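Architecture at a glance
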Amino acid sequence: MLHKADVVKISIIGAGFVGSTTAYALIMSGIASEIVIVDLNKEKAEGEAMDLSHGLAFVKPVQIKAGDYEDIIDSDIVILTAGANQKPGETRIDLINRNVQVFKSIVPEVVRYAPKAILLVVTNPVDILTYVTYKLSGFPKERVIGSGTVLDTARLRYLLSNRCGVDVRNVHTYMIGEHGDTEVPAWSITTIAGANLNQFCLHCCGDGGCKEECQQELHQKTVGAAYEIIEKKGATYYAVALGVKRIVEAIIRNENSILSVSSLLEGQFGVRDVCLSLPTIVNGQGAERILNVPLDDKDIQGFVKSAKTIKKFIDQIQW
Ligand code: NAD
């Protein structure tokens, strides 16, 4: 369990769009005292470390270096962002074979040099790779976390906040299940100012409560967000980096924050032996406890369907 106010060492494997933007977000937050960046492409890692280091005059003290696996020794958290990203038209699931192979080379090295770290998986398909990392590392389940639907939850909150004219920080909801096409908004536990969506809409605009079409539209926009961004600019990285920073903060500060990270399910809603997102307590132990949230039947059905899809792909992995 982490309780270290003095030295916080975070390593990032993968210095691409997501890895380097995550390093930037961490530097801006001041949470880390040491950041190590490892990439197959050493020049890229070195370039990113140099560029980031040249901003050190403007932020809280932090050592940044590009390194090899031996340099990640004593890391508190290792963030895994290495591997292929989606090209326009590709789904996250399309990346499965390539990125499982990448993880088969990375995870043993991480375990060798940082056996006490919490592993935070971001590479897609993130739920499947979180499961792969859990299996390959042999770490306790709490110490293997996927960024899961933390990003998708933020997207849904943003869309709802715009629709309802309410500060995004006052919109409480979760995307659950896969970080991908089968994810579902947990409408039954969505609240604004303590009111469920139907009550809120009745009070706010009065015309019959929250409309089914509106919910479907926001769901589709959330699921389609990454495709749209990748079509327009090639990759997504700012919001995910902020989401990863948020998870890191919850761990380092032992916050007991509720985040929709991905972790091993052990019978929640009848689902086990698969990593997926549900509201989860995140603290110094990692993904400490998945909460038993009061979803309605429709949300449970959506979640279970998502789990079945992911389980099918897990069963086809060539270890
Ligand atoms: P990128 O291509 O910019 O970077 C990937 C990096 O991984 C490259 O620098 C590459 O050299 C490195 N790499 C590849 N194989 C490696 C290995 N064996 N060892 C070490 N480094 C290796 O890609 P990106 O845009 O940064 O995306 C990275 C991953 O993050 C992708 O899988 C992407 O789909 C995923 N992603 C996840 C989320 C999320 O919410 N979970 C959001 C956005 C992107």
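The rules behind each value
Residues numbered from 1 in each chain as written. Predicted model: local features only at pLDDT ≥ 70, side-chain atom pairs only at ≥ 80, totals over all residues. Heavy atoms only, no water. Axes fitted to C-alpha atoms, helices over the stretch in contact; angles between N-to-C directions. Helix = DSSP H or I, 4+ residues; strand = E, 2+ residues; numbered from the N terminus. Parallel < 35°, antiparallel > 145°, perpendicular 65-115°, else oblique. Left-handed = near helix turned anticlockwise from the far one by under 90°. Contact = heavy atoms within 4.5 Å. Nonpolar A, V, L, I, M, F, W, Y, C, P; charged D, E, K, R; others polar. Core = buried A, V, L, I, M, F, W, Y, C linked by side-chain atoms within 4.5 Å. Buried < 20%, exposed > 50% of the residue type's maximum accessible area, 1.4 Å probe, protein only. Domains from an automatic or database assignment. Buried area = accessible area lost by both parts, 1.4 Å probe. Salt bridge = Lys/Arg side-chain N within 4 Å of Asp/Glu carboxyl O. Polar contact = N/O pair within 3.5 Å; in protein donor to acceptor, adjacent residues only side chain to side chain. Pairing = 2+ DSSP bridges. Near = heavy atom within 4 Å. Areas by Shrake-Rupley, 256 points an atom, 1.4 Å probe, with all protein chains shown as cover. Phe/Tyr/Trp six-rings, centres within 6.5 Å; stacked < 30°, edge-to-face > 60°. Lys NZ or Arg CZ within 6 Å of the ring centre and 35° of its normal. Right-handed = clockwise from strand over helix to strand, strands pointing away.

Considerations on the packing of helix α5 (residues 150–164) against helix α7 (residues 212–233)
Where α5 contacts α7, the two axes come as close as 10 Å, and the packing angle between them is 130°. Here α7 runs oblique to α5, going by the angle between their axes. Every pair of crossing elements has a handedness; the one defined by α5 and α7 is right-handed. Here α5 contributes D152, R155, L156, L159, L160 and R163 to the contact with α7, which in turn contributes C214, E217, L218, K221, T222, A225, A226 and I229. Its residues assigned to classes, the contact of α5 with α7 shows 8 nonpolar, 1 polar and 5 charged.

Structural notes on the nonpolar core
In terms of nonpolar packing, the biggest core is built from 49 residues, with I13, I72, V78 and V110 touching the most fellow members. Two domains each put at least three residues into this core: domain 1 (9–146) and domain 2 (150–314). Listed in part, the 38 residues of the second largest apolar core include I77, I145, A250 and V282.

So, the domain arrangement of the protein
Domain boundaries assigned for the protein yield domain 1 (9–146) and domain 2 (150–314). On a C-alpha basis, the centroid separation for the pair domain 1 and domain 2 is 23 Å. With 39 residues of domain 1 at the interface, the matching set in domain 2 holds 44 residues. Between domain 1 and domain 2, roughly 3400 Å² of surface is buried when both sides are summed, and carbon and sulfur atoms account for 72% of that area. The largest share of the area that domain 1 buries against domain 2 comes from R92, D127 and Y131, three residues that together contribute 20% of it. If you look at where domain 1 meets domain 2, you find 1 salt bridge. Note that K141 and E266 form a salt bridge whose closest N and O atoms lie 3.6 Å from each other. Summed over the shared surface of domain 1 and domain 2, the result is 6 residue pairs in polar contact (both at pLDDT 80 or more). Put simply, the parts of the chain that give the side of domain 1 that touches domain 2 at least two residues each are α1 (17–29), β4 (77–80), β5 (118–121), α4 (126–137) and β6 (144–146). When the residues that make up the side of domain 1 that touches domain 2 are grouped by side-chain class, the tally is 20 nonpolar, 10 polar and 9 charged.

Focus on the sheet that holds strand β16 (residues 286–290)
Spatially, the 3 strands line up as an open sheet ordered β12-β15-β16, and their pairing is antiparallel. The sheet is open, and its two borders are formed by β12 (257–259) and β16, each paired with just one other strand. Taken over all neighbouring pairs, the strand axes of this sheet differ in orientation by 40° on average, direction set aside. Pairing of β12 with strand β15 (residues 280–283), which is carried by 3 bridges, proceeds in the antiparallel orientation. Following the sheet pairing, S257 is matched in β15 by V282.

A few points about the site of the ligand
Contacts to the ligand come from 25 residues, most closely from V18, D39, A84, N85 and V122. Note that an oxygen atom of the ligand is positioned 2.8 Å from one of the backbone N or O atoms of V18. In the model, an oxygen atom of the ligand is placed 3.2 Å from a nitrogen or oxygen of the G83 main chain. If the ligand stood free it would expose 870 Å²; the protein chains cover 86% of that surface. With 4 residues, helix α3 (residues 96–113) is the single largest residue contributor to the shell around the ligand.

With respect to the packing of aromatic side chains
Going through the model one piece at a time under the given rule, you end up with 4 aromatic pairs. Here the aromatic rings of F269 and F303 are separated by 5.8 Å at their centres, their planes lie at 70°, and the arrangement is edge-to-face. Remark: F303 occurs in helix α9 (residues 297–315) and F269 occurs in the loop between β13 (262–268) and β14 (271–277); sequence separation between them is 34 residues. On the accessibility criterion, F303 (0% relative accessible area) is buried. Grouped by ring-pair contacts, the aromatic residues F17, Y237 and Y238 constitute a single cluster. Sitting above the plane of the F139 ring, R143 keeps its charged end 4.4 Å from the centroid. A cation sits over an aromatic face here: K233 above Y237, 4.0 Å from the ring centre.

What about the side chain of S29?
With respect to the secondary-structure elements, S29 resides in helix α1. Look at S29 and you get buried, because its relative accessible area is 18%. At 3.2 Å, the side chain of S29 forms a polar contact with the backbone nitrogen of I31. The residues contacting S29, other than those within four sequence positions of it, are K245 and E249.

What about the pairing of strand β1 (residues 9–13)?
Across the 5 residues that make up β1, a large majority, 5, are buried. Residues of β1 alternate between two faces, with K9, S11 and I13 on one and I10 and I12 on the opposite face, all of them buried. Here β1 runs beside strand β2 (residues 34–38); their pairing, made up of 5 bridges, is parallel. Paired with I12 across the strands is I37, a residue of β2. Since β1 and β2 lie parallel, the crossover through α1 that links them has a hand, and here it is right-handed. By the bridge criterion, 4 bridges tie β1 to β4 in an arrangement that is parallel.

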